[in-house]
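Each chain, written out:
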Amino acid sequence: MTGASIADPSAGRIRFALYMRGACLFRLGRKEEAEESLRQGAQTAKNPGDRLECLQYLADILAASGKYEKPYRIAAKIFFFVGQYEDAVSVFERARENGVAFGPELRLYEIKTRRKRKPSKEEHRKLLKDCQALAEELEKEAEPDGQNPDFRDSRPEAQRELLGEVCCTLGLLYWDEKKADAAVRAMADAIRISPAHKEYR
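The structure presented is a predicted model; accordingly, all values stated were derived computationally and were not measured.

**Student:** What is the right way to look at the nonpolar core in this model?
**Tutor:** A general trend in soluble globular proteins is that nonpolar side chains are found buried together. Ranked by internal contacts, the top residues of the largest apolar core, which has 49 residues, are V91, F92, V166 and Y174. Take this core: its biggest share by element is 8 residues, from helix α10 (residues 157–176). Those residues in contact with V91 that sit more than four places away from it in its chain are A63, Y72, A75, A76 and F79.

Encoded structure:
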């Protein structure tokens, strides 16, 4: 083995070392350091399976938190993006058991997750109703008096992105219900609110 090989270990070895370091730190009660090590491991991983392993462990650590909403939100999003919808649902259930107040983004990802699980017609209509309510709440927060037609242009970028994602989800729910006109209007809102997201087009 050459000196260069020792100095520059493979990404796989680095990823594994960061993963094991994160696991050890968590068992020692050093949660924040464990989270950072696992995030670094996921970023370093070249293999999707290795990246998923780090993200799953990170999600488990975050979901084990108490009454703070943010860890549950991050864990739910991780499970959603890797297609582990049952695990995401368990995060929502655990959050409720611990008395966590659901913020807009956590509410959105519960709607998105439950839609992916092929709900019954009655469940789907409830998801649609919940998404409509969320969109209305976010719009009212942005412009309390409701009189400014250009309010979407003046809100902070993070708010625009969240409302755009809510509108996109609303469009998909309308489409599922075979309400094409309403789906098109919701997607048009998503594009207008957050034009940078090409996936809305």
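Having put the structure on the table, let's press on.
**Student:** What should I look at first to understand the packing of helix α2 (residues 11–27) against helix α3 (residues 31–44) in this one?
**Tutor:** Geometry of a packed helix pair, given as the angle between the helix axes and the separation of the axes. Remark: α2 packs on α3, axes separated minimally by 8 Å, with the N-to-C direction vectors making an angle of 165°. If you check the angle between α2 and α3, you find them roughly antiparallel. When the axes of α2 and α3 are compared, the crossing they make is left-handed. The segment α2 lies against α3, with A11, I14, R15, L18, Y19, R21, G22, L25 and F26 engaging E33, A34, S37, L38, Q40, G41 and T44.

**Student:** Would you mind showing me how to read the pattern of salt bridges here?
**Tutor:** Pairs can form between side chains of opposite charge once their charged atoms are near each other. Taken as a whole, this structure holds 16 salt bridges when the rule is applied. A salt bridge links E69 to R73; its shortest N-O distance comes to 3.0 Å. Here R73 and E69 lie together in helix α5 (residues 69–81), a separation of 4 residues that amounts to about one turn. For E69, a relative accessible area of 17% puts it in the buried group. Between D176 and R115 there is a salt bridge; the shortest N-O distance is 2.7 Å. Taken together, the residues span a long stretch of sequence, with D176 in helix α10 and R115 in helix α7 (residues 104–116) at a distance of 61 residues. You can call R115 partly exposed: its relative accessible area is 22%.

Rules used throughout
- Residues numbered from 1 in each chain as written.
- Predicted model: local features only at pLDDT ≥ 70, side-chain atom pairs only at ≥ 80, totals over all residues.
- Heavy atoms only, no water.
- Core = buried A, V, L, I, M, F, W, Y, C linked by side-chain atoms within 4.5 Å.
- Buried < 20%, exposed > 50% of the residue type's maximum accessible area, 1.4 Å probe, protein only.
- Helix = DSSP H or I, 4+ residues; strand = E, 2+ residues; numbered from the N terminus.
- Contact = heavy atoms within 4.5 Å.
- Axes fitted to C-alpha atoms, helices over the stretch in contact; angles between N-to-C directions.
- Parallel < 35°, antiparallel > 145°, perpendicular 65-115°, else oblique.
- Left-handed = near helix turned anticlockwise from the far one by under 90°.
- Salt bridge = Lys/Arg side-chain N within 4 Å of Asp/Glu carboxyl O.

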